[in-house]
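Letter by letter, the chains look like this.
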Amino acid sequence: MSLTKDDVRKIAFLARIRVPDERLEPLAGELNNIVGWVEQLGEVNTDGVAPMTSVVETETPMREDVVTDGGVQDKVLANAPDGEGAFYGVPKVVE
Amino acid sequence: MSDLRDWTIATASDAMEKGEVSSVELTDAFIAAMEAGRTLNAFITETPELARERAAASDERRKNGDARGPMDGIPIGMKDLFCTEGVKTTAASHILDNFVPTYESTVSGNLRDAGAVMLGKTNLDEFAMGSANITSYFGSVKNPWTPEGANANLVPGGSSGGSVAAVSGGLAIAATGTDTGGSIRQPASFTGLVGMKPTYGRCSRWGTVAFASSLDQAGPLTRTVEDAAIMLQAMASHDPKDSTSLPMVLPDCRAACTRDAKGLRVGIPKEYTLDGMPEEIQKLWNQGAQWFKEMGAEIVEVSLPHTKYALPTYYIVAPAEASSNLARYDGVRYGFRKDGASLDEMYELTRGEGFGAEVQRRVLIGTYVLSAGYYDAYYVKAQQVRTLIAEDFKKIFADVDVLLTPTAPSAAFAEGDKMDDPIAMYLNDVFTVPASLAGLPAISVPGGVDKDGLPLGLQLITGVCQEETLFRAASALEMAAGFEARP
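What counts and how
- Residues numbered from 1 in each chain as written.
- Chains lettered and ligands numbered in written order.
- Predicted model: local features only at pLDDT ≥ 70, side-chain atom pairs only at ≥ 80, totals over all residues.
- Heavy atoms only, no water.
- Contact = heavy atoms within 4.5 Å.
- Buried area = accessible area lost by both parts, 1.4 Å probe.
- Salt bridge = Lys/Arg side-chain N within 4 Å of Asp/Glu carboxyl O.
- Polar contact = N/O pair within 3.5 Å; in protein donor to acceptor, adjacent residues only side chain to side chain.
- Helix = DSSP H or I, 4+ residues; strand = E, 2+ residues; numbered from the N terminus.
- Nonpolar A, V, L, I, M, F, W, Y, C, P; charged D, E, K, R; others polar.
- Phe/Tyr/Trp six-rings, centres within 6.5 Å; stacked < 30°, edge-to-face > 60°.
- Buried < 20%, exposed > 50% of the residue type's maximum accessible area, 1.4 Å probe, protein only.
- Lys NZ or Arg CZ within 6 Å of the ring centre and 35° of its normal.

Chemist: Please explain the interface of chain B and chain A as it appears in this structure.
Modeler: When the parts come together, some accessible area is lost, and that loss is often what is quoted as the size of the interface. Contacts between the two partners involve 67 residues from chain B and, on the opposite side, 46 residues from chain A. A buried area of about 4,900 Å², summed over both sides, lies between chain B and chain A, and 70% of it is on carbon and sulfur atoms. The largest share of the area that chain B buries against chain A comes from B:E348, B:L364 and B:Y368, three residues that together contribute 14% of it. A:R16 is paired through a salt bridge with B:D344; the nearest N and O atoms lie 2.9 Å apart. Taken together, chain B and chain A are joined by 20 residue pairs in polar contact (both at pLDDT 80 or more). Take the side of chain B that touches chain A: its biggest share by element is 12 residues, from helix α13 (residues 375-396) of chain B. The class makeup of the residues in the side of chain B that touches chain A is 36 nonpolar, 19 polar and 12 charged.

Structure (structure tokens):
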């Protein structure tokens, strides 16, 4: 399995990263090297092996279903690049 | 004040307790060193006013008999991955270069509450992705060590490169690090320091900028094993705000440092012998085993058959988790934004400009291995192999107490080396990644120097939550090695 320039363009859009056209080809090469290298995992027999979900065996903690935080609108909005009043500003999304 | 590199947490805390020095005096000396040592590029943000304020408060507490323990008044560096309230936190990325958190991470908060004095935020690889501290948006970090008879700039290792440069260069007594695949232990090895990664879940991840959540663990970077125990004790806690935080108390690791190695069963995993590994590293490793033998420990050759698959497994799991964690940087709620005509264009431009090359590479790999049609072949497969790697360790720790390995396959290398080939760079972590995948505690202890006079570390690994045994073995190794070299 080898990644093409078009594959990279598609992945880059999925990741919402703008990659200039002239970078697509070299990036395909770099990614193919890495993907080709990790494909050696194919030689490991994993039949019936459960995928790891937690490195330390512990129970999932439970807590009371109560509000413990909130009412800090100023703090939440403090770092917004385009804060408008009590909102985050974004480019128009509805026509 | 004498050579600042003479201070350890233990000696400084004793000296303050006896009234021989105040935290303000110590802090002022380290602030001056930090300013004089700017060529190392160890700090992204210096916080001298905050440090003086905290030092004065510490002296006041001590005067009133309210000192909070051995970390009280100790000047430290804080890796710029821990969110600090009111102090810029960048993760060494353009995308966060204006981010000022309105909250404090649990780990940095624990240290603050223990009285530690933060000197500033230390440099790192962007989002902790790297093994040489060359991917920081704020420039690369210089290793205070230089090869004998040569005039080369060496990398400090990564990703906690600023933290180790600060401590080994005498700009801080100790510093925090985070370790996802070796980011505490490998730089410690490159700079002659002790670097310790606890069992996954000992230190809360809350408020720490996330890279790969199932692997990220905070830990101390210090001059001595005892200091690592003292600092870990202050950093670790059970935190309900991190659901993977371990609901158990860390045992007394400092006390464990006074016990000897007699009767310990030390495993030597044969798979950690690499083709082309420098002879000096093999020699130091053998020497380490010999030291343990002479101290009355028993040396056992063991096998961890899936070791060679650890690195490729890591380079599926870590990028997958990173691609998902880094989705939050969208230019809307915080951080850098690049405007675009549509929402998608704004996202793409923001992330295309805000993330550096290595971060983009890993996010793309992660996006690919998680995408429809490839998820089972890559991600599920890697998590299965991860189970096998963890089982290898589990079996071995039924028989031995601790494993001894080299920390890294080389000493610090020159800036510019291994830059063309990402995989050559990834190989730096070949000995540290397996313990990360299995969530095990591990420590790098300086063992000796190579032919160029550069430090080399030895790594010890124990089973889950066996930090006491780890510190016991590490103290014994430290004493046997008697490492005293300095940059």
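Chemist: I would appreciate a short explanation of the packing of aromatic side chains in the present structure.
Modeler: Centre-to-centre distance and the angle between the planes together describe a pair of aromatic rings. Residue and element names in this part refer to chain B. Counted according to the given criterion, the structure contains 19 aromatic pairs over all chains. With a centroid separation of 6.3 Å and 90° between ring planes, the pair formed by Y329 and F355 is classed as edge-to-face. Taken together, the residues Y329 in the loop between α10 (310-325) and α11 (343-354) and F355 in the loop between α11 and α12 (357-370) connect sequence positions 26 residues apart. Judged on exposure class, the residue Y329 and its partner F355 are both buried. Seen in terms of ring centroids, Y374 and Y378 are 6.3 Å apart; in terms of plane orientation they differ by 35°. Their pairing is tilted. For Y378, a relative accessible area of 6% puts it in the buried group. Among the aromatic residues, ring-to-ring pairing joins F99, F127, Y329, Y334 and F355 into one connected group. Across from the ring centre of W206, 3.8 Å away, lies the NZ or CZ of K241, which sits over that ring.

Chemist: Looking at this structure, I do not really get the side chain of B:T199. What am I missing?
Modeler: Along the chain, B:T199 turns up in the loop between β5 (194-197) and β6 (217-222). The buried category is assigned to B:T199, whose relative accessible area is 0%. Those residues in contact with B:T199, other than ones at most four positions away along the chain, are A:V56, B:Q217, B:L246, B:G439, B:L440, B:P441, B:V464, B:C465 and B:E467.

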